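Overview (structure and organization)
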Amino acid sequence: MLARKSIIPEEYVLARIAAENLRKPRIRDRPRKARFIAKNGACNLAHKNIREQGRFLQDIFTTLVDLKWRHTLVIFTMSFLCSWLLFAMMWWLVAFAHGDMDPSTESTMNSTKWTPCVTCVRSFTSAFLFSIEVQVTIGFGGRMMTEECPLAITVLILQNIVGLIINAVMLGCIFMKTAQAHRRAETLIFSRQAVIAVRNGKLCFMFRVGDLRKSMIISASVRIQVVRKTTTPEGEVIPIHQVDIPVDNPIESNNIFLVAPLIICHVIDKRSPLYDISAADLVLQDLELIVILEGVVETTGITTQARTSYIAEEILWGHRFVPIVTEEEGVYAVDYSKFGNTVKVAAPRCSARELDEKPSILIQTLQKSELSHQNSLRKRNSMRRNNSIRRSNSMRRTNPSLIVPKVQFITPEGSQSASET
């Protein structure tokens, strides 16, 4: 506005704006790294430039199962329709070669003992209907095959065999698509965020896993892998370098009993890739922790696998999951509304290596946490006490009936004394 009124030259305004922009550095967000495993467990991987496409046809059953539902239903319908049309054409040729299509054969059949190959087949439409009746074993009684033509018997046997093969393959494909293992994994849930906190005097990486169904996952086991981009001493760049990290499980078989939601814990020790990472370094780390839960479905006996991943932004340092399992009237109840809820707890901000080298850091952190907790309790109690006093004073002011009157007492000597009760 000042520049428009010619009070300040326009060139000075532009130079000033440019100088301010130069003095204030622009903070650009770090480009978000593509996830290797999505939160729902899908692999974020695209296969390109595959030249040997014929390898997929060598395992045709797996290819049909992996197809989308709309493609599977189209193939299911077209396989039956094409087979019916193919054998309808064969039945029509058999009837045409035998002379069943000639209009004069109808009068000849009534006057003599002439027998057609297939009765009541006079056109391609009737041949198509007879093909459907043969393959799906629907006998309406109007059309039937006679022993006049051996070629017709051969076509009948061939169509039955082909029909059984198509039924077995397509129905098996439909069954496998409806009973796939990843369908069961939809009810295996993971917490949206993971936490790092102190447990048993050690820094631990923790997340929560649960099963929404009552049917059990037998021999369930959990594996954790760290995926990151690394460079070898020789200069080779490995874009997806996978490192297994151990899971803290007191059971030697490493199996979990997933009857209720559990908190899976990984102790950050010398074997862990998180050993040198502190709270400040975690935000800058370009890593992804992949969690894999495997087990056998109790009802079907099929092995299932559920997956998820956690990136640096989804790991909360100094938090702990709230308990969600309570005992109510002799029954253990699980409140899934608090499945991913966390609370902030005292935890050192240093790495696990520094914590092992200086154990006093943990003691100082716990002492500071205890002092702050006591101070907060004192402040809370004092605030409650002040609020109660203010509330009582306000009630006395607003309600005059609560004011206690003065009462005079007369002693036997005749003197009066005033007291307040």
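These numbers were taken from a predicted model, which means no experiment stands behind them. All residue numbers refer to positions counted from 1 along the written sequence of the respective chain. Thresholds applied to this predicted model are a pLDDT of at least 70 for local features of residues and 80 or more for the giving and counting of side-chain atom pairs; totals over whole chains, interfaces and linings are not thresholded and use all residues. Side-chain numbers here rest on the full set of heavy atoms in the structure, without hydrogens or water.

1. A look at the packing of helix 4 (residues 69–98) against helix 7 (residues 150–178)
How two helices sit against one another is set out by the angle between their axes and by the gap between those axes. To get an axis, fit a line to the C-alpha atoms, keeping to the stretch in contact for a helix; angles then go from 0 to 180 degrees between the N-to-C directions. Strands are runs of DSSP state E lasting at least two residues, helices are runs of H or I lasting at least four, and both sets are numbered from the N terminus onward. Relative orientation of the contacting elements helix 4 and helix 7 amounts to 175°, with a least axis distance of 11 Å. By the criterion of interaxial angle, the relationship of helix 4 to helix 7 is roughly antiparallel. By definition in this entry, angles of less than 35 degrees are roughly parallel, angles greater than 145 are roughly antiparallel, angles of 65 to 115 are roughly perpendicular, and the rest are oblique.

2. Describing the environment of lysine 229
Position of lysine 229 relative to the elements: it lies in strand 4 (residues 217–231). Owing to a relative accessible area of 57%, lysine 229 belongs among the exposed residues under this scheme. It is 7.6 Å that separates the C-alpha atoms of lysine 229 and aspartate 286, two residues lying 57 residues apart in sequence. Only heavy atoms matter for contacts: two residues are in contact if any of them lie within 4.5 Å across the pair. The residues touching lysine 229, leaving out its near neighbours within four places in the chain, are Val237, Ile238 and Pro239. The cut-offs for exposure are 20% and 50% of the maximum accessible area for each residue type, with area from a 1.4 Å probe on protein chains only; residues under the lower value are buried, those over the upper are exposed, and the others partly exposed.

3. Section: the layout of surface pockets
Here a cavity is any set of points on a 1 Å grid over the protein atoms alone where a 1.4 Å probe fits but cannot get out, and a pocket is any open set with protein on both sides within 12 Å along at least 5 of 7 lines; a residue lines the site when it has an atom within 4 Å of a point. Grid points are joined across faces, edges and corners, and a volume is the space filled by probe spheres set on the points. A volume near 420 Å³ is recorded for the largest pocket. Around the largest pocket sit 19 residues that line it, and Asn40, Gly41, Ala185, Glu186 and Arg307 are the ones nearest its centre. Elements represented by at least two residues in the lining of the largest pocket include exactly helix 8 (181–184), strand 1 (188–190) and strand 9 (303–311). It is strand 9 that provides the largest number of residues to the lining of the largest pocket, a total of 6 residues. In the scheme used here, Gly and all other residues not listed as nonpolar or charged are polar, with Ala, Val, Leu, Ile, Met, Phe, Trp, Tyr, Cys and Pro taken as nonpolar and Asp, Glu, Lys and Arg as charged. Considering only residue class, the lining of the largest pocket consists of 7 nonpolar, 8 polar and 4 charged.

4. Remarks on helix 6 (residues 124–135)
Expected span of a helix: the number of residues minus one, times 1.5 Å. Taking 1.5 Å of rise per residue, 12 residues should cover 16 Å, and helix 6 covers 16 Å from first to last C-alpha, within 8% of that figure. Of all the residues in helix 6, the buried ones are Ser126, Ala127, Phe130, Ser131, Glu133, Val134 and Gln135.

5. Concerning the UniProt feature "transmembrane region" (unreviewed entry) in the protein
Mapped onto the present numbering, the UniProt feature "transmembrane region" (unreviewed entry) falls at residues 73–94 and 151–175. Along residues 73–94 one finds 100% helix and 0% strand; the C-alpha atoms at either end are 32 Å apart. Annotated as 100% helix and 0% strand, the span residues 151–175 places its first and last C-alpha atoms 36 Å apart. UniProt positions are given in the numbering used here, feature names are shortened, and annotations may be inferred rather than shown by experiment.

6. Details of the packing of aromatic side chains
Two aromatic rings from Phe, Tyr or Trp, using only the six-membered ring of Trp, form a pair when their centres are within 6.5 Å; if the ring planes differ by under 30 degrees the pair is stacked, by over 60 it is edge-to-face, and anything between is tilted. Applying the stated criterion across every chain yields a total of 9 aromatic pairs. With 6.1 Å between their ring centres and 45° between their planes, phenylalanine 80 and tryptophan 84 make a pair best called tilted. With phenylalanine 80 and tryptophan 84 both in helix 4, this residue pair falls 4 residues apart, about one helical turn. For the pair phenylalanine 80 and tryptophan 84, a shared accessibility class is recorded, and that class is buried. Ring plane angle 85° and centroid distance 4.9 Å describe the contact between tryptophan 91 and phenylalanine 130, whose orientation is recorded as edge-to-face. Taken together, the positions of tryptophan 91 in helix 4 and phenylalanine 130 in helix 6 put the pair 39 residues apart, joining distant regions of the chain. Cluster of aromatic residues (ring-pair linked, three or more members): Phe190, Phe205, Phe207 and Tyr310. Any Lys NZ or Arg CZ that is within 6 Å of a ring centre and within 35 degrees of that ring's normal is treated as a charge sitting over the ring. Above the plane of the ring of tryptophan 69 lies lysine 177, whose end atom (NZ or CZ) is 5.2 Å from the centre.

7. Here's the deal with the pattern of salt bridges
The rule for a salt bridge is simple: a side-chain nitrogen of Lys or Arg has to be within 4 Å of a carboxyl oxygen of Asp or Glu. This structure, assessed with the given rule, holds 7 salt bridges. In this structure, arginine 35 engages glutamate 314 in a salt bridge whose closest nitrogen and oxygen atoms are separated by 2.9 Å. Of this pair, arginine 35 sits in the loop between helix 1 (10–23) and helix 2 (54–58) while glutamate 314 sits in the loop between strand 9 and strand 10 (315–317), and the two are 279 residues apart along the sequence. Exposure remark for arginine 35: the relative accessible area of 14% places this residue in the buried category. Among the charged side chains, a network of salt bridges with common partners joins Arg35, Lys39 and Glu314.

8. Here we look at a nonpolar patch on the surface
Taken together, the side chains of Leu57, Ile60, Phe61, Ile153, Ile157, Ile161, Ile165, Val169, Phe175 and Met176 make up a nonpolar region of the molecular surface, amounting to roughly 910 Å² of accessible area. Looking at the nonpolar patch, the elements with two or more residues in it are helix 3 (60–66) and helix 7. Residue contributions to the nonpolar patch peak at 7 residues, all from helix 7. With respect to the element layout, isoleucine 161 can be found in helix 7. Overall, isoleucine 161 belongs to the partly exposed group, its relative accessible area being 47%. Within this analysis, patches are made of residues with over 30% relative accessible area and no salt bridge. Like charges are joined at 9 Å or less; nonpolar side chains (Val, Leu, Ile, Met, Phe, Trp, Tyr) at 5 Å or less. Methods summary: accessible areas were calculated by the Shrake-Rupley approach with a probe of 1.4 Å, and residue burial reflects only the protein chains presented.

9. Details of helix 4
For helix 4, spanning 30 residues, the distance from its first C-alpha to its last is 44 Å, which sits close to the expected 44 Å at 1.5 Å a residue. Taken together, the buried positions of helix 4 are Thr72, Ser79, Phe80, Ser83, Trp84, Phe87, Ala88, Trp91, Val94 and Ala95. Tucked into the core, helix 4 has its buried residues touching helix 3, helix 6 and helix 7. Following helix 4 by one or two positions, glycine 99 has its phi on the positive side, about 90°.

10. Section: the state of the cysteines
Disulfide: a pair of cysteine sulfur atoms within 2.5 Å of each other. Inspection of every chain in the model, using the stated rule, returns 1 disulfide. Between the sulfur atoms of cysteine 117 and its disulfide partner cysteine 149 the distance amounts to 1.6 Å. Of note, the bridge from cysteine 117 to cysteine 149 carries an S-S torsion of about -55° and is left-handed in sense. Taken together, the residues cysteine 117 in the loop between helix 5 (105–111) and helix 6 and cysteine 149 in the loop between helix 6 and helix 7 connect sequence positions 32 residues apart.

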